[in-house]
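If you want the building blocks of each chain, they are given just below.
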Amino acid sequence: MAACSSLSTKLRFDSSTNPRIQPSDVVFPASVAVNRKNWRRSVFRGIGIVRSEAVAVDDRKVEGESEKRREKGRVLKVGLICGGPSAERGISLNSARSVLDHIQGDDLHVSCYYIDPNLNAYAISSAQVYSNTPADFDFKLESVAQGFDTLTEFAEHLAASVDIVFPVIHGRFGEDGGIQELLEKSNVPFVGTRSKECRTAFDKYDASLELKRQGFITVPNFVLQGSELDESGLSRWFHDNQLDANSGKVVVKPTRAGSSIGVTVAYGVADSLYKVREIISEGIDDKVIVEIFLEGGKEFTAIVLDVGSEFDCQPVVFLPTEVELQSSVSADLSEKDAIFNYRRKYLPTQQVVYHTPPRFPLDVTEKIREGASILFKRLGLRDFARIDGWFLPPSSSITSSETNDFGRTESGIVLFTDINLISGMEQTSFLFQQASKVGFSHSNILRTIIQRACLRFPSLASYCSESNGSPRKSKSSKFGQQTSENEGVGKVFVIFGGDTSERQVSLMSGTNVWLNLQVSGDVEVTPCLLAPGNDISSRTVWSLPYSLVLRHTTEEVIDACTEALEPARAALTSHLRKQVMEEVASGLKHHNWFTGFDISDEQPIKFTLDSWIKLAKEVQATVFIAVHGGIGEDGTLQSLLEAEGVPYTGPGFSASKICMDKVATSLAVKHLTNLGVLTINKEVRRKEDLVNSSSSDVWHEVVSKLQCETVCIKPARDGCSTGVARLCCAEDLGVYVKALEDCLPRIPPNSFAKAHGLIEMPVPPPELLIFEPFIETDEITMVKSGSQNGLLWKGSSRWVEITVGVIGKRGSMRSLMPSVTVKESGDILSLEEKFQGGTGINLTPPPLSIMSTEALTRCKERIELVANTLELEGFSRIDAFVNVDSGEVLVIEVNTVPGMTPSTVLIHQALAEEPPVYPHTFFRTLLDLGSQR
């Protein structure tokens, strides 16, 4: 293709999707790919960092600091193990990151460990836990981590190095008893259920048999295993359960795969067998069950916490959560059957809404809590677990031959279906949602779980007999009011949400910022949600209590705010909350390490944007802006805050306005061409003109003017990745324009000529769109050469895509360590790949095998030149292509409110500094830069 004429080197694309290693290809071992320690400099020096007391420490300094702490009191050494062989390993990394964030402290030191897909064990730095996905570091483990020759050697190391292990491996080897058996053989104390009980509870078929033996009503199912599937047996099962052999609706699921992986709907015997064979052939599981589809049922999940002493089990069930699945006319055909699948569990989506407590009759909620408690004890579970099930109306076809089977109520039937032995621990997971409803912060519930586990081990008795300080209290209970307790404490309002397609990422960013800033003892941090609306000054801003922040979508947060203010709903929640808290307290009051609950029962407060800004001025608050796109990034919010003299984070009004407009950004830096800063030629078209014109005519005009074969189309004034697509022909353009015309919220995967992932679209559609030549870059893939992992990079075009954070004061912005971005689903990085943990790959720092130290230095200098030319301040992120030989940069876009999610690339880059800058310190630095403006 013809690249942009301003490029000094032609960009090319190697389209091979499964490259074979040829002599001309370069496979770089990890040891060559990562070592830049000798020349790294910290851009944070001189910025005025306030380091919080509870930040994670550099692993190399741990031993000395731990010795100092031991002089004051014993330090509990916790081994945090993540990864594993299952498809949930990315979620496991997210859980480990969250646990690390919330338990590390002066009295508790965390050592991090990772199990790769082949069950090789490594001791990794805490910095690596903040990677976006295990693929970020899998290829370089041999050089940056301490490996163990065998799992036995690994267990022996744990026995000698830590007091207790906290496994956060989801699925195989984590919840099936694998890691537990390994630890048991070496007498290593650990959090959670024993191996024997794990094996029974993890296997869905074995668990259903055990539930039936224990007197619980279960879902009728049929198990299929091995290569010879029992078709006649399945046909008889369909007949016995009054299901049509050709169209009877069932659920097909692996028995030993967590997080709904492989779960699908089937119709009839033949379709069921086809889905079963798919699961087996894909290697998900060789043992599959077919269950009746529970029509009209409502799904729930409940966290159980053991508050007993030593081996005395005393389970308390938190307020269950109702999982409401929703469908829309724009839903993909593959999503038409309501299954709480992997994507709905872990990625922001409006297809699912949570209600805690559930909107069930009170007798049903009580039956759920009673049943989950009984199950926890009878199955021999320990410390904590999550138990899932269904509430079915009285008209349900589910029957039982035993009249005394547990689960019957006057309002319907309660069924328990899944036992999760290591519940997900991402920031907004069910564990933290339900715990916050009954008075536990993230830190408090995690430390309580660990302390409860310690009670079973005599060697840890001395630690359990000590009080290790009270949990941090929530400081948002008196929003905007000055009390004697918070007098002299600085106020921070973290605002997120908005109405763009990036609003769910904004919620993740704001939640992460809020939780990280709470570590600092000298600031009171209040989370605030900006609701959608047309009139700017009268738009609603919600001040949120702790528990209402922990949601997956902004719509869910707003609905929860409205629901919380309904008198009947508020009274029910308060009643159930009090009941659970009394049960918890009755068990934990005997332990002096438990110093009480730290989240109070608060209501959301509703403001207009105008009154909220005036309140910020009145209480002298600094506003931390985490609103991506729209008024959060186009200068509008910045202008309103400046008018009232309220300090805020990030660039000012003028820089924000320019950077939001991709054409204006290019024009502002176009004069830097001779200094190695290049821009991409652009063609701007109105949406109205595209809708009313022939796609074929527009296509030929655009490719002729831009002198290219394929183009990249994107909104002229919207945030990163929203509405960005590669178009290869006039037909592709027609599909895109039709999506604009129909106001589709997303374009399904593979709608264009070239394979691609889901494309989130701006709603409402943008008025102006930009066409650019699609820039072909070199494909980078992870490969295994012999016994060594490495990178395969053909290096043909010499251009790669990077993203770089910049930080500092206006006129003296400094570049962080750039990251090379690796796309997994097509040619355009999706929103998920950019911001959602467990997806996407970032190489930070760029491997020396790809870019030399000299080229990287020139690249960073040019990035700083761009930042200072645009008069950025505080922090921003610059996306660009870079020539790996010359360090020339080709600017793609500038994000003045970049993603700040737990796995954001900015965190990776801060951790690549020397010494590493951990998230608590990083976000506090950004806050201080805003306060000082």
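Enquirer: Where do I start with the overall build of the protein in this structure?
Expert: Check the secondary structure of the protein and you find 32 helices and 37 strands. Across the protein, every contact between residues at least 6 apart in sequence was considered, and the portion connecting residues at least 24 apart equals 74%. For the protein, the accessible area works out to roughly 34000 Å², and carbon and sulfur atoms hold 48% of it.

Enquirer: Help me out: how do you make sense of the nonpolar core in this one?
Expert: Soluble globular proteins: nonpolar side chains tend toward being buried together. Grouped together as the largest cluster of nonpolar side chains are 124 residues, with contacts concentrated most on Phe-166 and Phe-624. Element by element, the count of residues in this core is highest for helix H16 (residues 442-454), at 6 residues. Not counting residues within four places of it along the chain, the set of residues in contact with Phe-624 comprises Val-492, Phe-493, Val-494, Ile-495, Val-513, Leu-517, Thr-649, Phe-875, Met-900, Phe-923, Leu-926 and Leu-927.

Enquirer: For this particular structure, what's the right way to read the confidence of the model for the protein?
Expert: Detailed reading of the predicted model is not advised wherever pLDDT is low. Confidence in the prediction for the protein averages 85 pLDDT; 82% of positions are at 70 or higher. Below a pLDDT of 50 lies the segment residues 48-72, which in the model reaches 39 contacts outside its immediate sequence neighbourhood of four places, other chains included.

Enquirer: In this structure, what is going on with unusual backbone geometry? I would like to understand it.
Expert: As a rule of thumb, non-glycine residues mostly have phi less than zero, and peptide bonds are mostly trans rather than cis. Cis geometry is adopted by the peptide bond preceding Pro-357, which originates at Thr-356 and carries an omega value of 0°. Its place among the elements puts Pro-357 in the loop between strand E14 (352-355) and helix H14 (362-378). The phi dihedral of Leu-119 falls on the positive side, at around 65°, and the residue is not glycine. By secondary structure assignment, the location of Leu-119 is in the loop between strand E3 (108-115) and strand E4 (121-124). Relative accessible area serves as the criterion here: at 30%, Leu-119 is assigned to the partly exposed category. One non-glycine residue, Asn-187, lies in positive phi territory at about 55°.

Enquirer: Got a minute to help me understand the packing of helix H27 (residues 695-706) against helix H28 (residues 730-741) in this structure?
Expert: Any two packed helices are characterised by how steeply their axes cross, that is the angle between the axes, and by the distance between the axes. Where H27 meets H28, the axes come as close as 8 Å, and the angle between the chain directions of the two elements is 115°. Judged by the sense of rotation from one axis to the other, the crossing of H27 with H28 is right-handed. Side by side, H27 and H28 meet where Ser-695, Ser-696, Val-698 and Trp-699 of the first sit next to Ala-730, Leu-733 and Gly-734 of the second. A breakdown of the residues in the contact of H27 with H28 according to their chemical character gives 4 nonpolar, 3 polar and no charged.

Enquirer: It is not clear to me how the pairing of strand E13 (residues 321-325) should be interpreted in this structure. Could you clarify?
Expert: If a strand is regular, its side chains alternate between the two faces of the sheet. Both strand E11 (residues 298-306) and E13 contribute to a ladder of 3 bridges, which runs antiparallel. By the bridge assignment for E13, Phe-300 is matched with Glu-322. Pairing of E13 with E14, which is carried by 4 bridges, proceeds in the antiparallel orientation. The residue bridging Glu-322 from the neighbouring strand is His-355, located in E14.

Enquirer: Would you mind going over the packing of aromatic side chains with me for this structure?
Expert: Each pair of aromatic rings is reported with the distance of its centres and the angle of its planes. Overall, the coordinates contain 18 aromatic pairs when judged by the stated rule. With a centroid separation of 6.4 Å and an interplanar angle of 75°, the aromatic rings of Phe-166 and Phe-384 are classed as edge-to-face. With Phe-166 in strand E6 (residues 164-167) and Phe-384 in strand E15 (residues 384-392), the pair connects residues that are 218 residues apart, well separated along the chain. For the pair Phe-166 and Phe-384, a shared accessibility class is recorded, and that class is buried. Residues Phe-922 and Phe-923 carry aromatic rings whose centres are separated by 5.3 Å and whose planes lie at 70° to one another, so their mutual orientation is edge-to-face. Here Phe-922 matches Phe-923 in class, with each residue buried.

Enquirer: Hey, could you run me through the sheet that holds strand E22 (residues 621-625) in this one?
Expert: Strand pairing in a sheet relies on backbone hydrogen bonds, with the paired strands running either antiparallel or parallel. Spatially, the 5 strands line up as an open sheet ordered E21-E20-E19-E18-E22, and their pairing is mixed. The open sheet has two free edges, formed respectively by strand E21 (605-608) and E22, since each of these has just one partner strand. Looking at each pair of strands side by side, their axes are set apart by 30° on average, direction ignored. Relative to E22, strand E18 (residues 490-497) is paired through 5 bridges, and the arrangement is parallel. Paired with Lys-491 across the two strands is Ala-621, which belongs to E22. Along the sheet face, helix H22 (residues 609-618) touches E18, strand E19 (523-530), strand E20 (540-543), E21 and E22 and points at about 100° away from the line of E21.

Enquirer: Got a minute to help me understand the packing of helix H9 (residues 195-202) against helix H10 (residues 204-213) in this structure?
Expert: In the contact formed by H9 and H10, the axes pass within 5 Å of each other and the chain directions differ by 95°. If you check the angle between H9 and H10, you find them roughly perpendicular. Touching Thr-200, Ala-201 and Phe-202 of H9 are Lys-204, Asp-206, Ala-207 and Glu-210, all from H10. In the contact of H9 with H10, the residues fall into 3 nonpolar, 1 polar and 3 charged.

Enquirer: How should the sheet that holds strand E8 (residues 249-254) be read in this particular structure?
Expert: A sheet is described by the order of its strands in space; here 4 strands give the open sequence E7-E10-E8-E9, paired in antiparallel fashion. Two strands in the sheet have a free side with no partner beyond their single neighbour: strand E7 (221-225) and strand E9 (264-267). Neighbour to neighbour, the strand axes of the sheet diverge by 30° on average, direction disregarded. Contacting E7, E8, E9 and strand E10 (287-292), helix H12 (residues 268-281) runs over the sheet at an angle of about 145° to E9.

Enquirer: What exactly am I supposed to notice about the pattern of salt bridges here?
Expert: One side chain can pair with another of opposite charge once the charged atoms of both are near each other. Counted according to the given criterion, the structure contains 44 salt bridges. The partner of Lys-185 in a salt bridge is Glu-181, with the nearest N and O atoms 3.7 Å apart. In this pair, Lys-185 and Glu-181 are both assigned in helix H8 (residues 178-185), 4 residues apart and thus about one turn of the helix distant. On the basis of relative accessibility, which here comes to 66%, the residue Lys-185 falls in the exposed class. For Glu-181, a relative accessible area of 32% translates into the label partly exposed. One salt-bridge network, in which partners are shared between bridges, spans Arg-172, Arg-256, Asp-285 and Asp-286.

Enquirer: Could you clarify how one ought to interpret helix H30 (residues 853-869) in this entry?
Expert: Because the α-helix completes a turn every 3.6 residues, residues three or four places apart line up on one side. With 17 residues, H30 should cover 24 Å at 1.5 Å per step; its first-to-last C-alpha distance of 24 Å lies within 8% of that length. Taken residue by residue, H30 has Ala-855, Leu-856, Cys-859, Lys-860, Arg-862, Ile-863, Glu-864, Val-866 and Ala-867 as its buried positions. In this structure, the buried residues of H30 make contact with helix H25 (662-669), strand E23 (677-679), strand E32 (799-808), strand E33 (814-815), strand E36 (874-883) and strand E37 (889-895).

Enquirer: What should I look at first to understand helix H11 (residues 231-240) in this one?
Expert: Among the residues of H11, those classed as buried are Gly-233, Leu-234, Trp-237 and Phe-238. Down the axis of H11, the buried side of the element spans an arc of 145°, and every buried residue falls inside it. Opposite the packed face of H11, turned more than 90 degrees from it, sit the exposed residues Arg-236, His-239 and Asp-240. On its buried face, H11 is in contact with E7, E8, H12 and E10. At the C-terminal side of H11, Gln-242 shows a positive phi close to 55°.

Enquirer: Teacher, can you tell me more about the environment of Val-820 here?
Expert: Position of Val-820 among the secondary structure elements: in strand E34 (residues 819-822). With 61 residues separating them along the chain, Val-820 and Phe-881 place their C-alpha atoms 9.3 Å apart.

Enquirer: Any chance you could explain the state of the cysteines here in plain terms?
Expert: Every disulfide links exactly two cysteines, by a covalent bond between their sulfur atoms. Throughout the structure, instances matching the rule amount to 0 disulfides. No disulfide involves Cys-82; its sulfur sits 7.1 Å from that of Cys-112, the nearest cysteine.

Enquirer: Sorry, what's going on with the environment of Ile-115 here?
Expert: Mapped onto the fold, Ile-115 is located in strand E3. Ignoring any residue separated from it by four or fewer positions in sequence, one finds Ile-115 in contact with Ile-81, Cys-82, Gly-83, Gly-84, Asn-120, Ala-121, Leu-151, Phe-154, Ile-169 and Phe-173.

Enquirer: Mind showing me how you'd approach the environment of Ala-531 here?
Expert: One can find Ala-531 in the loop between E19 and E20. Overall, Ala-531 belongs to the buried group, its relative accessible area being 7%. In this structure, the C-alpha to C-alpha distance between Ala-531 and Ile-558, residues 27 residues apart in sequence, is 7.5 Å.

Procedures and definitions
Residues numbered from 1 in each chain as written. Predicted model: local features only at pLDDT ≥ 70, side-chain atom pairs only at ≥ 80, totals over all residues. Heavy atoms only, no water. Helix = DSSP H or I, 4+ residues; strand = E, 2+ residues; numbered from the N terminus. Contact = heavy atoms within 4.5 Å. Areas by Shrake-Rupley, 256 points an atom, 1.4 Å probe, with all protein chains shown as cover. Core = buried A, V, L, I, M, F, W, Y, C linked by side-chain atoms within 4.5 Å. Buried < 20%, exposed > 50% of the residue type's maximum accessible area, 1.4 Å probe, protein only. pLDDT = per-residue confidence, 0-100. Axes fitted to C-alpha atoms, helices over the stretch in contact; angles between N-to-C directions. Left-handed = near helix turned anticlockwise from the far one by under 90°. Nonpolar A, V, L, I, M, F, W, Y, C, P; charged D, E, K, R; others polar. Pairing = 2+ DSSP bridges. Phe/Tyr/Trp six-rings, centres within 6.5 Å; stacked < 30°, edge-to-face > 60°. Parallel < 35°, antiparallel > 145°, perpendicular 65-115°, else oblique. Salt bridge = Lys/Arg side-chain N within 4 Å of Asp/Glu carboxyl O. Expected span 1.5 Å × (residues − 1). Arc of directions from axis to C-beta. Disulfide = S-S within 2.5 Å.

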